[in-house]
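# Fold and contact review
Listed here are the chains, written in short residue letters.
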Amino acid sequence: MRYYLTFLLIITLVFFSSCRKDFSANLSTGNLQFSKDTVYLDTVFTNIGSSTYNLKVYNKSNKTISIPSVQLGKGENSLYRLNVDGTSGKTFENIEILANDSLYIFIETTIDYTLVTNPIYTDAIIFDTGVNLQDVKLITLVKDAHFLYPSKDLNGLVETININTDSNGEEISVRGFYLNENTTFTNVKPYVIYGYCAIPENKTLTIEAGANIHFHSNSGLIVNKNATLIINGELNNEVLIEGDRLENKFSDIPGQWGTIWLRAGSKNHNINYAIIKNASAGIIVDSIGSNSAPTLTIKNTQIYNSSNFGILARETNIKGENLVINNSGQSSLACIIGGTYNFTHSTFVNFWNNSLRQYPSVLINNFFTYTENNTQIIETRNLNAANFTNCIIDGNNNIELVIDKVEGANFNYYFKNNLLKFNDLNNSYTDIIEYNFEDTNYYLDNILNGNSNFKSPIDNDLIIGGDSDANEKANTQGTLQVPTDILGILRNVPADIGAYQHIDF
């Protein structure tokens, strides 16, 4: 009997002690606290859903509270959507928060630009009413845009474009569409492109200064044989080419879209004052063109955050001035399978830190390989020229320049007045003649392993400072060819190596 009474007493104590005050909810008194007083949902394109944002609501009292109502200020007419305690909607009642606990509210929006009078769309989350009313404001900037995408037929099949054939003669296609006519992208509204936008033979796409081009994932631009791409950006009015996610957290994420692919036989491309970022490969150039006339002339252009290559050039002809490339998963500049390349006052660096990188900032070779009957075949092509004058080649690896020669074809290269990162710690390249930096037939007045003194290379801020070893070391003839830097600053004589004149940080 004594044990029975003892057991009954313990059960009674446990029961009453479990009836804590926080299981008896008190009405909110307007003392909620929030993780932020305004939720900015960044910029969205018309009719494209935003990312999901969150707001944390705190009950810092010692009692469970009940909020009589949580709702959007514009009610059911609001263009925002909420999820409160796992339930979606726009109006909620009797929401409880335990003592010294918190509650997540998730927020999304999709806005039709034609239905709003102000591109800055606002609302608020209202907690309670009357004297206990509290609110958190919601703000979104919505942009109108031109939307370009593949068509669908009556059976729902999406339009595709042929890009190649496989070993069995079958066509290889990607989702995309043709522009069909000579086309101009203006700066009036952004362009949002789904799939690959293709420029057909003998047609030209011209992009005006200040235009913004946004590619969806697995999308990009293809320029076919005898077609041309012209990008006419201007100083302080560059053409911006990036992905279609406008939230801040996506601003520097590599690989959000495909590439600009200048295919074999395309011609007379000219890119000036463009910013190309967050692609899988910024530009691929496959055109087999003239040894004397550039297939691509690219000036005053920045290419950042490519998950593979900044520029992948295959047996082509490129002229580059004031070109800046950084943060590439493989090489920032790959000039392979021969070709003709002339770069002046450019900055080719690679401070990629998203994964292990095997390739250097700049890769040059004159061959390609393939397998036939289980045998690897190596074929060579002429490297007519690989001339680098007044350029910086740097990065976070010890070796940032690789010159990979196979006998059997021409191999012409010349480096003059460059700052080169080539720190051969293990003497692995000592006996390779292509790396004899004292041979004036190939190298002249270069600086090995000097301090570039970039302002913030991780953030793609590649202006050099007053302590840079590149200062006043440029070749004068090259400077006369490119008299202003990428920011429009007149170069001194002697000028600084690279795309930027130095500043004092």
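Whatever comes next refers back to the structure up there.
The structure reproduced in this document is the subject of the present report. Owing to the predicted nature of the structure, the values given are computational and were not obtained by experimental measurement.

## Notes on the environment of Phe177
Residue placement: Phe177 occurs in strand S14 (residues 171–178). C-alpha of Phe177 to C-alpha of Asn317: the two residues are 140 residues apart in sequence and 27 Å apart in space. For Phe177, the residues in contact, after removing those within four places along its chain, are Leu148, Tyr149, Pro150, Glu159, Ile161, Ile193, Tyr194, Tyr196, Cys197 and Ala198.

## Quick notes on unusual backbone geometry
For the peptide bond that leads from Val493 to Pro494, omega is 0°, which places it in the cis range. Within the element layout of this structure, Pro494 appears in the segment after helix H2 (476–481). Not every positive phi belongs to a glycine, and Asn374 is a case in point at roughly 65°. A positive phi angle is found at Asn449, which is not glycine, with a value near 60°. Exposure remark for Asn449: the relative accessible area of 37% places this residue in the partly exposed category.

## Some details on the sheet that holds strand S6 (residues 80–84)
The strands that make up a sheet are held in pairs by hydrogen bonds between backbone atoms, and each pair lies either parallel or antiparallel. Taken in spatial order, the five strands make up an open sheet running S2-S4-S9-S6-S7, and their pairing is antiparallel. Among the strands making up the open sheet, the edge pair consists of strand S2 (33–34) and strand S7 (87–89). Pairing between S2 and strand S4 (residues 53–59): two bridges, direction antiparallel. Across the sheet, residue Phe34 finds its bridge partner in S4, namely Val57.

## Concerning the environment of Trp352
Checked against the element boundaries, Trp352 lands in the loop between strand S30 (347–350) and strand S31 (362–365). With a relative accessible area of 8%, Trp352 lands in the buried category. Sequence separation between Trp352 and Asn396 is 44 residues, and the spatial gap between their C-alpha atoms is 7.6 Å. For Trp352, the contacting residues outside a window of four places in its chain are Pro254, Ser306, Ser307, Asn327, Ser328, Gly329, Arg357 and Asn396.

## Quick look at the side chain of Thr316
Tracing the backbone through its elements, the reader meets Thr316 in strand S28 (residues 309–328). Leave out the neighbours within four places in its chain, and Thr316 touches Val285, Ser287, Thr295, Gly338, Gly339, Thr340 and Tyr341.

## Section: the state of the cysteines
If you walk through the whole model with that rule in mind, you get zero disulfides. This cysteine, Cys335, is not joined by any disulfide, and Cys391 carries the nearest cysteine sulfur, 11 Å off. According to the relative accessible area criterion, Cys391 is buried, its value standing at 0%.

## A short note on the pairing of strand S20 (residues 220–223)
What you see with S20 is no split at all: Gly220 and Ile222 on one side and Leu221 and Val223 on the other are buried throughout. Judged from the four bridges that link them, strand S17 (residues 196–199) and S20 form a sheet pairing that is parallel. The partner of Cys197 across the bridge, within S20, is Leu221. Examined bridge by bridge, S20 and strand S23 (residues 257–262) share three bridges and lie parallel to one another. Across the sheet, residue Val223 finds its bridge partner in S23, namely Leu262.

Criteria and thresholds
Residues numbered from 1 in each chain as written. Predicted model: local features only at pLDDT ≥ 70, side-chain atom pairs only at ≥ 80, totals over all residues. Heavy atoms only, no water. Helix = DSSP H or I, 4+ residues; strand = E, 2+ residues; numbered from the N terminus. Contact = heavy atoms within 4.5 Å. Buried < 20%, exposed > 50% of the residue type's maximum accessible area, 1.4 Å probe, protein only. Pairing = 2+ DSSP bridges. Disulfide = S-S within 2.5 Å.

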